[in-house]
Amino acid sequence: MTIRLHKTKHKRVMIVNRGEIASRVAKACRELGHTAVGLWTDNEPNAAHLEYCDEWIHLEGKTNAETYLNVEKLIQVAKVNEIDGIHPGYGFLSENGGFAKRLDEEGIVFIGPNTEAIRVMGDKATSKALARDAGVPVVPGTAEAVPTVEGALKVANEIGYPVLLKAVAGGGGRGMRACENDDEVKKQFEAVVREAVSAFGNGDLLVEKLIVNPHHIEVQIMADKKGNVFHFFERECSIQRRHQKIIEEAPSPFIGSDEELRDRICETAVLLAKTVSYDSAGTVEFIMGEDKSFYFLEMNTRIQVEHPITEEITGVDLIICMIQSAFGEDLQIPSQDWIKKTGHAIECRICAEDPITMLPAPGTVTGFETNFPQGVRFDHCLYRGLNVTPDFDPMVGKLVAKGLVRDVAIRKMRAALEGLYIEGLKNNIPLHKVIMDDSTFAEGKYTTNYISEVAPQNKINTDINFDSIYRKLAAAEARNMGM
Ligand code: ADP
């Protein structure tokens, strides 16, 4: 089969995001010959992503509400600047069906899926009911919101403890509480409702079975507007803190060489995507139990943070596919069988947070240097002077290492972490180093309980030799200045 690269018609693409994903999208636009239009706010006049953009627009304001979440202002800016399409990245407006709909009305292409797919998948109750009706296994429990504590107790006793109270509008690991018995449900119910109302403006809760010792395994989907839906295999994202991912790998060590299971979970994801006429990049997330039975968790109707590891093992540029699909072009993927995976890729999320408490630690970057082995990719938004405010996601970069086998990917990641110096900003590099050295991780035998059970944060060497790091930074600076 010959793949012929056709020349796409030039487009003006506005990137409604910041940080590493804005740079990533800008690079893809450039490759396609489109104009990448970047945004900057009063918070970040020197934002790193602007370097990769062809044009820059100033969005007045400091808060997210005034800028990256301001739908009407963004539409007005897009119209004045004759924008053909908007890429929302992840977070911000990426899963906001109202925004996608407004763009449709204004004749601007939303570089993401159709609004109906965003709507049905945006709510954990609706999407769960839809998955169940499509024959996709879902976590035992309700697929409808349970409005009262009495209702929650009834469901919990039917399915058996432990259970999870989960906000239907939840995201980012928030609005979730495990309960072991009736007393805990009584105690937690109102608290989760309150948290859900304040974080998501919707207090509806689901009650579902808490899967013990689970694995978070998700399948990357890419689809076009012609009805073609492909999967790009799975990622395992079980290394989490507070139900949020910090390390991801592809393929999943838990699925390992069980190709029958791999095919089954990937085909289930494709089936679900087809049910909602999916037409962009998306991820179907599952929770897998010790016995390898898996259940649908949710579908993220956007590009995900961890997409690079899939790109590394398949060689396909998912952002480029997303842009092509949105403009109604061919994905140039002849068939599912054409998509192959080779090797193993790992991503460590580099976050501005205390490596031991894992709580956000805002601050300002005063220096930054890299010295990586071959086979390492670093998607980031670091620059000297970057001020990580509590307003922004504390993730400042994604370190991705690929090897032909998992052991090599781990070795490369360990070396890459050693070669990443960030000065002035507390970060979780020391935690990642401990995990890369840990035998449970090396054996690939971890679950989402890894951080609480293995407690790698307690093995961090707090005696880090900052002296040598500063010496390296000073040497790099001297080189840059031609000294
Ligand atoms: P969010 O939208 O906040 O990311 P998810 O439903 O995707 O929420 O779940 C996030 C994480 O919470 C999962 O990766 C998993 O670790 C945990 N989790 C969610 N549902 C369950 C469940 N039923 N049993 C065990 N763990 C769960």
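Anything mentioned here points back to the structure above.
This section reports on the structure supplied with the text.

Scoring rules and cut-offs
Residues numbered from 1 in each chain as written. Predicted model: local features only at pLDDT ≥ 70, side-chain atom pairs only at ≥ 80, totals over all residues. Heavy atoms only, no water. Disulfide = S-S within 2.5 Å. Buried < 20%, exposed > 50% of the residue type's maximum accessible area, 1.4 Å probe, protein only. Helix = DSSP H or I, 4+ residues; strand = E, 2+ residues; numbered from the N terminus. Salt bridge = Lys/Arg side-chain N within 4 Å of Asp/Glu carboxyl O. Near = heavy atom within 4 Å. Areas by Shrake-Rupley, 256 points an atom, 1.4 Å probe, with all protein chains shown as cover. Nonpolar A, V, L, I, M, F, W, Y, C, P; charged D, E, K, R; others polar. Domains from an automatic or database assignment.

## With respect to the state of the cysteines
Tallied over the entire structure, the rule returns zero disulfides. Lacking any disulfide linkage, C29 is separated from the closest cysteine sulfur, that of C53, by 8.1 Å. A relative accessible area of 0% places C29 in the buried class.

## A word on the environment of V207
Secondary-structure assignment places V207 in strand β8 (residues 205–209). For V207 and K166, which are 41 residues apart along the polypeptide, the C-alpha to C-alpha distance reads 6.4 Å.

## So, the pattern of salt bridges
For the coordinates displayed, the defined rule picks out 41 salt bridges. With its nearest N and O atoms 2.9 Å apart, the salt bridge here joins E218 to K245. Of this pair, E218 sits in strand β9 (residues 215–223) while K245 sits in strand β11 (residues 244–250); the two residues are 27 residues apart in sequence, bridging distant segments of the chain. Both residues of the pair, E218 and K245, count as buried. As a salt-bridge pair, K445 and E443 come within 4.0 Å of each other at their nearest N and O atoms. Residue K445 is classed as exposed on the basis of its relative accessible area of 62%. In this structure, a network of salt bridges that share partners links the residues E218, R235, K245, E248, E285, E306 and R349.

## Topic: the site of the ligand
Residues in contact with the ligand amount to 22 residues; listed here are only the nearest, K124, G173, H216, Q240 and E298. Protein burial of the ligand: of its 560 Å² of free accessible surface, 94% is covered by the chains. Looking at side-chain class alone, the shell around the ligand contains seven nonpolar, eight polar and seven charged residues. A domain-level breakdown of the shell around the ligand finds at least three residues from each of domain 2 (140–209) and domain 3 (215–470).

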